[in-house]
Amino acid sequence: MSTLSTFAIIAAILGLMYLAYKGWSIILIAPLLALVAAIGSGESFINILGNVYLVKAAEYIKNYFPIFLFGAVFAKIMEKGGLAASIANKIVELLGPKRALLAVILGCAVLTYGGLSVFVVAFVMYPFGAILFKRAGMPKRLLPAALWIGIFTFTMVALPGTPQIQNIIPSTYFGTSTWSGIGIGLFATVLYLAIGLGWLGYRSKYLMSKGEGYGNHTEAETEYISAEALPYWGISLIPLVTVIVLNIFINNPFKWSWITWNVSSIWSITFATIVSSVLAVIIGRKKLFASAADKKPNKDGFLKVLNESSISSGTAVFNVASGYAFGCVITSVAGFGIISEMLMKLSANGNPLFSAVLSTSLMGGITGSASSGMTIALSKFGAQWAQMASSAGIPLDVLHRIVAISAIGIDPVPHCGALVTMFAICGLTHKESYFDIIVILLMKFLVPFLCVLFYMLTGIV
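Residue-level account of the overall build of the protein, with values.
When helices and strands are tallied, the protein shows 21 helices and 0 strands. If one aligns the C-alpha atoms of the protein with their principal axes, the spans along those axes are about 70 × 60 × 50 Å. Partitioning the contacts of the protein with sequence separation of at least 6, the portion at a separation of at least 24 is 80%. Within the structure as shown, the protein displays about 19000 Å² of accessible surface, and the carbon and sulfur contribution to it stands at 67%. Charge-centre separation for the protein: the mean point of 28 positive side chains lies 4 Å from the mean point of 17 negative side chains.

Report on the environment of F7, specifying residues and quantitative values.
The topology assignment puts F7 in helix α1 (residues 2-21). The exposure class assigned to F7 is exposed, which follows from its relative accessible area of 55%. Put simply, F7 and M17 are 10 residues apart on the chain and 15 Å apart in space, counted from C-alpha to C-alpha.

Quick one: what's the story with the pattern of salt bridges, residue by residue and with numbers?
Summed over all chains, the structure comprises 7 salt bridges. For the salt bridge of E59 with K56, the shortest nitrogen-to-oxygen distance reads 3.7 Å. Of this pair, E59 and K56 both sit in helix α3 (residues 45-80), separated by 3 residues, roughly a single helical turn. Classification of E59 by relative accessible area gives partly exposed; the value is 29%.

Can you tell me about the packing of helix α9 (residues 165-174) against helix α17 (residues 370-391), naming the residues and giving the values?
Packing of α9 against α17 brings their axes to within 10 Å, and their N-to-C directions diverge by 20°. Between α9 and α17, the interaxial angle falls into the category roughly parallel. For the element pair α9 and α17, the recorded crossing hand is right-handed. Contacts from I165, Q166, I169, P170, Y173 and F174 of α9 reach α17 at A370, S371, M374, T375, L378, S379, G382 and A386.

Which residues make up the nonpolar core, and what values go with them?
Within the largest apolar cluster, 151 residues are counted, with the highest numbers of intra-cluster contacts made by Y60, L116, F133 and F326. Discounting chain neighbours no more than four positions away, the residues touching Y60 are F65, F68, I165, I169, V317, V320, A321, Y324, S371 and T375.

Any details on α17? Residues and values, ideally.
Taking 1.5 Å of rise per residue, the 22 residues of α17 would be expected to cover 32 Å, yet its terminal C-alpha atoms sit only 28 Å apart, more than 12% below that figure. Along α17, the sharpest change in direction is near 65° and occurs at F381. Positive phi appears at G393, one or two residues downstream of α17, with a value of about 75°.

Residues and numbers for the packing of aromatic side chains, please.
What the rule picks out here adds up to 16 aromatic pairs. Aromatic side chains W199 and Y202 sit 5.5 Å apart centroid to centroid with 45° between the ring planes, which places their arrangement in the tilted category. On the criterion of helical spacing, the pair formed by W199 and Y202 is a turn pair, its members being 3 residues apart in helix α10 (residues 182-209). By relative accessible area, W199 is classed as buried at 19%. What makes Y202 partly exposed here is its relative accessible area of 47%.

Break down the environment of Y232 for me, with residues and values.
Tracing the sequence through the fold places Y232 in the loop between α10 and α11 (233-251). Spatially, the C-alpha atoms of Y232 and G82 are 9.5 Å apart, while their sequence positions differ by 150 residues.

Let's hear about the environment of G409: which residues, and what values?
Structurally, G409 can be placed in the loop between α18 (396-406) and α19 (417-426). According to the relative accessible area criterion, G409 is buried, its value standing at 0%. With 35 residues separating them along the chain, G409 and K444 place their C-alpha atoms 6.1 Å apart. Ignoring any residue separated from it by four or fewer positions in sequence, one finds G409 in contact with S361, L441, K444 and F445.

How would you sum up the side chain of D436? Please name residues and give values.
Its location among the elements puts D436 in helix α20 (residues 430-444). With relative accessibility at 1%, the residue D436 sits in the buried group.

Can you lay out the confidence of the model for the protein for me, pointing to particular residues and giving the numbers?
Here the protein averages 86 in pLDDT, and 94% of its residues register 70 or above. Scored below 50 in pLDDT, residues 220-224 shows 13 contacts in the model against residues more than four places distant or in partner chains.

Pulling in residues and values, what's your account of a nonpolar patch on the surface?
Side chains of I182, L186, F249, F254, W256, W258 and W261 sit close together on the surface and give an oily, nonpolar patch of about 680 Å² of accessible area. With respect to the helices, strands and loops of the structure, F249 is situated in helix α11. Accessibility expressed as a relative area gives 34% for F249, which makes it partly exposed.

Help me get a handle on α18, residues and values and all.
Within α18, 9 of the 11 residues are buried, leaving the element largely enclosed by the surrounding structure. Buried within α18 we find V398, L399, H400, R401, I402, V403, A404, I405 and S406. Among the structural elements, α8 (154-158), α9, α10, α16 (353-367), α17 and α21 (447-458) are those in contact with the buried residues of α18.

Tell me about the packing of α10 against α18, and name the residues and values.
At a minimum axis separation of 10 Å, α10 and α18 run at an interaxial angle of 25°. Considering their axes alone, α10 and α18 lie roughly parallel with respect to each other. Two packed elements cross with a definite hand, and for α10 against α18 that hand is right-handed. Counted together, I184, G185, A188 and Y192 of α10 and V398, R401, I402 and I405 of α18 form the full contact between these two elements. When its residues are assigned to classes, the contact of α10 with α18 shows 6 nonpolar, 1 polar and 1 charged.

Rules behind the numbers
- Residue numbers here run from 1 along each chain, matching the order of that chain's written sequence.
- Reporting of local features is limited, given that this is a predicted model, to residues whose pLDDT is at least 70; pairs of side-chain atoms are given and counted only at 80 or more, and all residues count toward the totals for whole chains, interfaces and linings.
- Neither water nor hydrogens contribute to the side-chain values; these are computed over all heavy atoms in the structure.
- Working definition: helices are DSSP H or I runs of at least four residues, strands are E runs of at least two. Numbering for both runs from the N terminus.
- Residue contacts are counted whenever heavy atoms from the two residues lie within 4.5 Å of one another.
- With residues, only the protein chains shown are counted as cover, and all accessible areas are computed by Shrake-Rupley using a 1.4 Å probe.
- His is not counted, nor are the chain ends, whereas Lys and Arg count as positive and Asp and Glu as negative.
- Every charge is mapped onto a representative atom, which is NZ of Lys, CZ of Arg, CG of Asp or CD of Glu.
- Throughout, exposure labels follow a simple rule: accessible area from a 1.4 Å probe, protein chains only, divided by the maximum for the residue type, with under 20% read as buried, over 50% as exposed, and the rest as partly exposed.
- We count a salt bridge whenever a side-chain nitrogen from Lys or Arg sits within 4 Å of a carboxyl oxygen from Asp or Glu.
- In this description, a line fitted to the C-alpha atoms serves as the axis of each element, helices being fitted only across the stretch in contact, and the angle between N-to-C directions of two axes falls anywhere from 0 to 180 degrees.
- Between 65 and 115 degrees an angle is taken as roughly perpendicular, under 35 as roughly parallel, over 145 as roughly antiparallel, and anywhere else as oblique.
- Crossing handedness: left-handed means the near helix sits turned counterclockwise from the far one by under a right angle, and right-handed means the same turn made clockwise.
- Residue types Ala, Val, Leu, Ile, Met, Phe, Trp, Tyr and Cys, when buried and joined through side-chain atoms within 4.5 Å, form a set referred to as a nonpolar core.
- One less than the number of residues in a helix, times 1.5 Å, gives the span that helix is expected to have.
- Bend is the name given here to the angle between axes fitted to two runs of seven residues, the run ending at a residue and the run starting at it.
- Centres within 6.5 Å make a pair out of two Phe, Tyr or Trp rings, where for Trp the six-membered ring is used; the pair is then stacked when the planes are under 30 degrees apart, edge-to-face when over 60, and tilted otherwise.
- pLDDT is a per-residue confidence score from the predictor, ranging from 0 to 100.
- For patch detection, residues must exceed 30% relative accessible area and be free of salt bridges, and they are connected within 9 Å for like charges or within 5 Å for nonpolar side chains (Val, Leu, Ile, Met, Phe, Trp, Tyr).
- The nonpolar class holds Ala, Val, Leu, Ile, Met, Phe, Trp, Tyr, Cys and Pro. Asp, Glu, Lys and Arg form the charged class, and all remaining residues, Gly among them, are polar.

Next up, the structure:
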């Protein structure tokens, strides 16, 4: 039965990949394919649906909905208030077309590290990146890979203190903070930047030497928004800086003795985002509250901004929760026992780090989501890893950072929702741009392994 169950698991995963690739909503297909894995394993589909899938989906929403909700509101206010565009405009202005790759990656990095939703950063940075690539004569098909490096790698999981949910989830299992593993995180950041700039720099020179330019793309390219119509870039940075500073102050990751409270990473980030949203409203009030009498009125209206962002946060958290619940069903059926034993054998020497790397990467690939993948891996193995790490004298801060980095090892699989969205934003297809994403995937898959070796050789946390 276990062999048949394993085949049912594989069939369910492949089905999820194929249907998601074809555009089916994961909210619909995840529970249906979870039932395929359950039935193929001889499990009661009613029990699996009611006591595993729905329970786990609700559990995820219960734990992380505040971050999705207030993060989406903050990001939308930054976008509609012109603050995000002001910051992006300044970075592009400083670096210029000759450094198009660096400008796109750093622009994305600043906005992501400042707490904006990764999807909002993609929407904000795409027009600037497209114009820079066009002016530099660089092939547009490389733009999704540049955006991916800037948004979905080092500022999402490696840079200590990043307020993205992928850096928060490990803290809920290990009692660590978003600032865990500073040395390892900085090392990984250097590797991700080297991979992105190195490969894309090589590819752009190679393609341009063959006569390939930006390309003939007929979609309307959004031009820069005039600086005069935006808040001053220096003031626009205040809400982003506030997210970081308040998170440190409330969560107290450095264990300052003069701070007596103990607030979890989830609630420190939530509070920091709420306060920063208020500041963003004040700074961007001219665009947010523009009336119909203005020359360039904001037709959406402030209430619509709040409503749209709130609704989008609900869709986002349900998408991720669906992938998470699907993965929980996969790990609960009999056939996963074989896979589980193989993964835990990697910890036979008492060091759980390599098991954490492979297990988390595998789950991220199955679900097509870094946050879902790491949550499943931590739910299944987190307690064992923590116990083994403590016995081996490995700080939990190390485990936190290694798990976070491993979550993006193979996350841009074809059915990855973020990847499909990225191609849609850029007006490109898998056929046009996926090759460079795959090459980057293969290289960045090695990053968590190199981070483990870095820690083992240097002892730097």
